[in-house]
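# Secondary and tertiary structure notes
Take a look at the letters that make up each chain.
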Amino acid sequence: MRIIISILLLVIIALGITLSLVIIPFNESTTQVGEYYIDNGVEETGATNIVTSVVVNYRGFDTLGEVTILFIAAVGLGAVLATSKKSKAGKKKIEPASLVVYTGCRFLFPLIILFGLYVLIHGHLSPGGGFQGGAIIASAFVLIYMGCREKRPAMVLTKVIESIGGLVFIIVGLIGLGIGGYFLLNFLPGGVPNTLLSAGIIPIIYIAIGFKVGSELTGVIDNLIEESE
Amino acid sequence: MDLLSNSVVDFLDNYIYYIGAFGLVFIGLLIILIKRNLIKVIIGLSILETGVNLFLISVGYIKQGTAPIFSKPGLDSAIMVDPVPQALVLTAIVIGVAILALALSMAIRLYRHYGTLNLRKIKEQRW
C-alpha cells in the first residue's frame, strides 16, 4: 500500500516536472550574467578559471556563508555525538592493519597531500580550488585512519588550522572593506593571467578555504570513526 | 523508420541530461519513501542530491562546450559553458557533505537510543 502511494506520488511529480521542462530550451543559451563573467572575468579578476572568480570574487560573500555552513555542520556533529562519548566504558583495543595496508598508507599519504596542495594552490588557473583540494587532503587522513591509526593528527591541531583558515578569509575581506569600501575587495594587483602569482586575493582566500575544509572534514571523519569504535 | 530513429536521436540529444538528472531524483525520492532502514534513507537523500546537482550543471551546458577556463590563449569564449551553475553546484556539493555528516550523526544517536535503525520500529519516526 505504502509503495503504491509512493509511486503514484512520484508519477504526479514527474508529470508536473516534464510539462514544465519541455518548454525550457536545453544546451543552447547561457544566462546574461554568465556571459558577462566569461567576457570580463579574466580582465577584472586576473583568474583564468572563471568558476573560481565567480566563487571567490564575484560571489565571495556566498562562499563565506558556505564555509560557515560547513563549520556549523562540523560543530553540530561534534555536539550531537559528544554526549554519548562520556558514557563509553573501556576503550576497545584496535587491531593493527596488515603490513601491506600499513606500508601502502605510509607511502601514499605524502603523495595525496602533495596532490591536494597542488589542486588548492592552482585553483585560479586550472580546475580545482580550495574545496576540492581540501577534500583530497581529508581523503589522505581517511587513509591514515584506516592504515596507521596511531599516527593520526591531534584534533587540537586541526581545530587551530580550521580557525586560522576562517580568520584569514574574514581578515582579507575586512582589509578590502578598509581600503576600498566594500567587503572582499580585490585589493592586490591582478598580475599577468595564467601565472601562479596572479588574481590578487583569490589564491590567498582559496588556500585558506582549502586548509579550513581539509581540517574540518578530518574532524568530521575523526568524530564518526571515534563513535563507531 | 529512418525518420523515427532520427527523431529519437534528436529527442535524446536534447533531453538526455534532464532524463538522467530526474531519473536520479526520482530514484532517490523512491528510496526515501519506501525504505525502512535509516542508512538506506540517507543514501537515497544523497542520490537525490546528485540528481539535483546534475540538473543544475546540465542547465548551463552548451553543445560541444568547453570548461570556462582560459588555460591557453586563443580559446573561443562563445562555446564556454555557463560558469554560474557550476559555482552554484560547488556550493551545493559542500552543503550536501555537511547534510550527510549531520544525518549520519543523527543516525548514530538514534541507534544508540533505540537499538535499531528500522524506521518502522521507532515509534516517533513511523508514518
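The preceding data block contains the structure.
Here's what I pulled together on the structure shown here. Each chain has its residues counted from 1, following the order in which its sequence is written. Chains and ligands are labelled by the order in which they are written, letters from A for the one and numbers from 1 for the other. Since the coordinates come from a predicted model, pLDDT governs what is reported: local features require at least 70, and pairs of side-chain atoms require 80 or more to be given and counted, while whole-chain, interface and lining totals use all residues.

### What about the overall build of chain A?
Secondary structure counts use DSSP, requiring at least four H or I residues in a row for a helix and at least two E residues in a row for a strand, with both numbered from the N terminus. Helix and strand counts for chain A stand at eight helices and zero strands. The order of α-helices and β-strands along chain A, N terminus first, is α-α-α-α-α-α-α-α. Considering only C-alpha atoms, chain A reaches an extent of 60 × 60 × 35 Å along its principal axes. The contact criterion used here is simple: two residues whose C-beta atoms, placed from the backbone, lie within 7 Å are in contact. Considering only contacts in chain A between residues 6 or more positions apart, those separated by 24 or more positions represent 71%.

### Here's the deal with the interface of chain B and chain A
Contact residues are listed per partner, giving 38 residues for chain B and 41 residues for chain A. Looking at the side of chain B that touches chain A, the elements that each hand over two or more residues are α1 (2-34) and α3 (83-114) of chain B. The greatest single-element share of the side of chain B that touches chain A, amounting to 17 residues, is contributed by α3 of chain B.

### Observations concerning the nonpolar core
For soluble globular proteins, nonpolar side chains are generally found buried alongside one another. To count as a nonpolar core, a set of buried Ala, Val, Leu, Ile, Met, Phe, Trp, Tyr and Cys residues must be joined through C-beta atoms within 7 Å. Every C-beta atom is placed from the backbone, and the number of other C-beta atoms within 10 Å of a residue's own sets its class: buried at 20 or more, exposed at 12 or fewer, partly exposed in between. Ranked by size, the top nonpolar core spans 51 residues in total, and within it Val54, Ile205 and Ile209 of chain A carry the most contacts. Of all the secondary structure elements, the ones that give two or more residues to this core are α2 (32-45), α3 (50-58), α4 (60-86), α5 (99-121), α6 (130-147), α7 (155-180) and α8 (202-228) of chain A together with α3 of chain B. What Ile205 of chain A contacts, discounting residues up to four positions off in sequence, is Val56, Phe169 and Val172 of chain A. Formed by seven residues, the second largest nonpolar core is a distinct cluster that contains Val25, Leu29, Leu48 and Phe55 of chain B.

### Observations regarding α1 of chain B
Side chains of residues three or four places apart in an α-helix project in the same direction, reflecting 3.6 residues per turn. Helix span, as expected, comes to 1.5 Å for every residue beyond the first. Over its 33 residues, α1 of chain B runs only 42 Å from end to end, short of the ideal 48 Å by more than 12%, given 1.5 Å per residue. Values of bend correspond, residue by residue, to the angle between axes fitted over the seven residues ending at that residue and the seven starting there. By the largest-angle criterion, Tyr15 of chain B marks the main kink of α1 of chain B, which is about 60°. If you check which residues of α1 of chain B are buried, you get Ala21, Phe22, Val25, Gly28, Leu29 and Ile31 of chain B. Looking at the buried side of α1 of chain B, the elements it contacts are α1 (2-21) of chain A together with α2 (38-59) of chain B.

These figures come from the coordinates and say nothing about function on their own.
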